[in-house]
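Structural description and commentary
Spelled out from the first residue to the last, the chains are:
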Amino acid sequence: MEKPVLLVTRRLPPAVEARAARDFQARLNSEDRPIAGNELPRLATGAAAILAAPTDRLDAPALAALPESVRVIGTFSVGFDHIDCAAAKARGIAVCNTPEVLSVATAELAMLLILAAARRAGEGERLVRTARWSGWTPTQLLGIGVSGRRLGILGMGRIGRELTRIARGFEMEIHYHDIARLPPEREQGAIFHADDRSFLAASEILSLHAPGGAGTRHWLNAERIALLPKGAVIANAARGTLVDDAALISALRSGHVAAAGLDVYEGEPRVHPGYLELENVVLLPHLGSATLATRDAMGFLALDGIAALLNGTSPPNRVV
Ligand code: DGY
């Protein structure tokens, strides 16, 4: 039987591209040439499936323009806020993603952001790199220790729970806020707050792990930032849309927020210029899941999901 055609929108790790070529008539983008939204229908002509990425905007008009042949979209990401799932469903397109396999890598990155922001690693690195460091002094770049502090986790999904496990090694007291309380055996002793006011008041360090999308857009706004303890540290390895950038920049300027570590941005790769002027923010280029082993696992999971959906079975990583 002829293998189904799979359009792959981005360059993927070699092992994933090899597997795609083994199992499908894969149209790879090994040059990683940017694909404009209006090119997608032509490139997908005759394709049964698309292996997309968070950089592809699959809103209702983009989905409506796809050829009838496209029955499945797999996204090379756990987040699927770049896909209009209701429109995909209405159009009869099944969607799958890459949960679980990136939770540890993303939680590690969140801990890196927390440590780097709290201990002023970005400022220190810039000092050394620009040859402005004149030697050790007793008062240079004094930061905030994280051990034993209260860590607030917004969104206690898989990544939040991995961060809880890591933060336990720093003897942090974990508080969390989510739409529902976890069963006690999954809480690992973390303290649930149904109310975001008490959650924010407890969060000396706040790490965001909620999904993106309209429902959480600008969750961290000026009012909520004001509820954090003075001198709080914020990390975001989830989605840039969770944060009202102007409000966070203002709080970083005033010192109400001592430092922030950001890996994701609203409208990325554009970064709000206000952040670039601030020393007390550490900025990374969306590296949450960026280890080779993790990216391989994400690719294999997405390909497995696509194959299952094309075969008419419903894999655990199906989202629509
Ligand atoms: C995801 O998976 O949603 C990340 O943002 C990309 O690793």
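Remember, it's a predicted structure, so these values are computed and weren't measured experimentally.

**Quick look at the packing of aromatic side chains**
Centre-to-centre distance and the angle between the planes together describe a pair of aromatic rings. Evaluated as defined, the whole model comprises one aromatic pair. Arranged with centres 5.2 Å apart and planes meeting at 50°, the rings of Tyr176 and Phe192 form a pair that is tilted. Taken together, the positions of Tyr176 in strand β7 (residues 173-177) and Phe192 in strand β8 (residues 191-193) put the pair 16 residues apart, joining distant regions of the chain. We classify Tyr176 as buried; its relative accessible area is 0%.

**Looking at the domain arrangement of the protein**
For the protein, the assigned domains read domain 1 (5-101 + 292-310) and domain 2 (103-283). Using only C-alpha atoms to locate each centre, domain 1 and domain 2 end up separated by 31 Å. Opposite the six residues of domain 1 that make contact, domain 2 presents six residues. Summed over both partners, the interface of domain 1 with domain 2 buries about 540 Å², with 45% contributed by carbon and sulfur atoms. Sorting the residues of domain 1 by area buried against domain 2 places Asp81, Glu100 and Thr294 first, and these three jointly supply 65% of that buried surface. At the junction of domain 1 with domain 2, the criterion picks out two salt bridges. The salt bridge involving Arg239 is made with Asp81; its shortest N-O contact spans 3.0 Å. For the interface between domain 1 and domain 2, the tally reads three residue pairs in polar contact (both at pLDDT 80 or more). Class assignment for the residues of the side of domain 1 that touches domain 2 results in two nonpolar, two polar and two charged.

**Re the site of the ligand**
Contacts to the ligand come from Ser77, Val78, Gly79, Leu102, Arg239, His286, Ser289 and Met298. Take His286: an N or O atom from its side chain is 2.7 Å from an oxygen atom of the ligand. Within the complex, 89% of the 230 Å² of free accessible area of the ligand lies under protein. Here the shell around the ligand is composed, by residue class, of three nonpolar, four polar and one charged.

**Some points on the pattern of salt bridges**
Applying the stated rule across the entire model yields 18 salt bridges. Between Arg165 and Glu162 there is a salt bridge, and its shortest N-O distance comes to 2.7 Å. A residue pair is termed a helical-turn pair when its members lie 3 or 4 positions apart in one helix, as Arg165 and Glu162 do in helix α7 (residues 158-168) at three residues. Given the relative accessible area of 44%, Arg165 is considered partly exposed. Arg253 serves as the salt-bridge partner of Glu277, at 3.6 Å between the closest nitrogen and oxygen. Of the two residues, Glu277 is situated in the loop between α12 (273-276) and β12 (281-283) and Arg253 in helix α11 (residues 245-254); the sequence distance between them amounts to 24 residues. Just as Glu277 is exposed, Arg253 falls in that class too. Beyond isolated ion pairs, a larger network of salt bridges with shared partners links Arg19, Arg22, Asp23 and Asp304.

Each value, and the rule that gives it
Residues numbered from 1 in each chain as written. Predicted model: local features only at pLDDT ≥ 70, side-chain atom pairs only at ≥ 80, totals over all residues. Heavy atoms only, no water. Phe/Tyr/Trp six-rings, centres within 6.5 Å; stacked < 30°, edge-to-face > 60°. Helix = DSSP H or I, 4+ residues; strand = E, 2+ residues; numbered from the N terminus. Buried < 20%, exposed > 50% of the residue type's maximum accessible area, 1.4 Å probe, protein only. Domains from an automatic or database assignment. Contact = heavy atoms within 4.5 Å. Buried area = accessible area lost by both parts, 1.4 Å probe. Salt bridge = Lys/Arg side-chain N within 4 Å of Asp/Glu carboxyl O. Polar contact = N/O pair within 3.5 Å; in protein donor to acceptor, adjacent residues only side chain to side chain. Nonpolar A, V, L, I, M, F, W, Y, C, P; charged D, E, K, R; others polar. Near = heavy atom within 4 Å. Areas by Shrake-Rupley, 256 points an atom, 1.4 Å probe, with all protein chains shown as cover.

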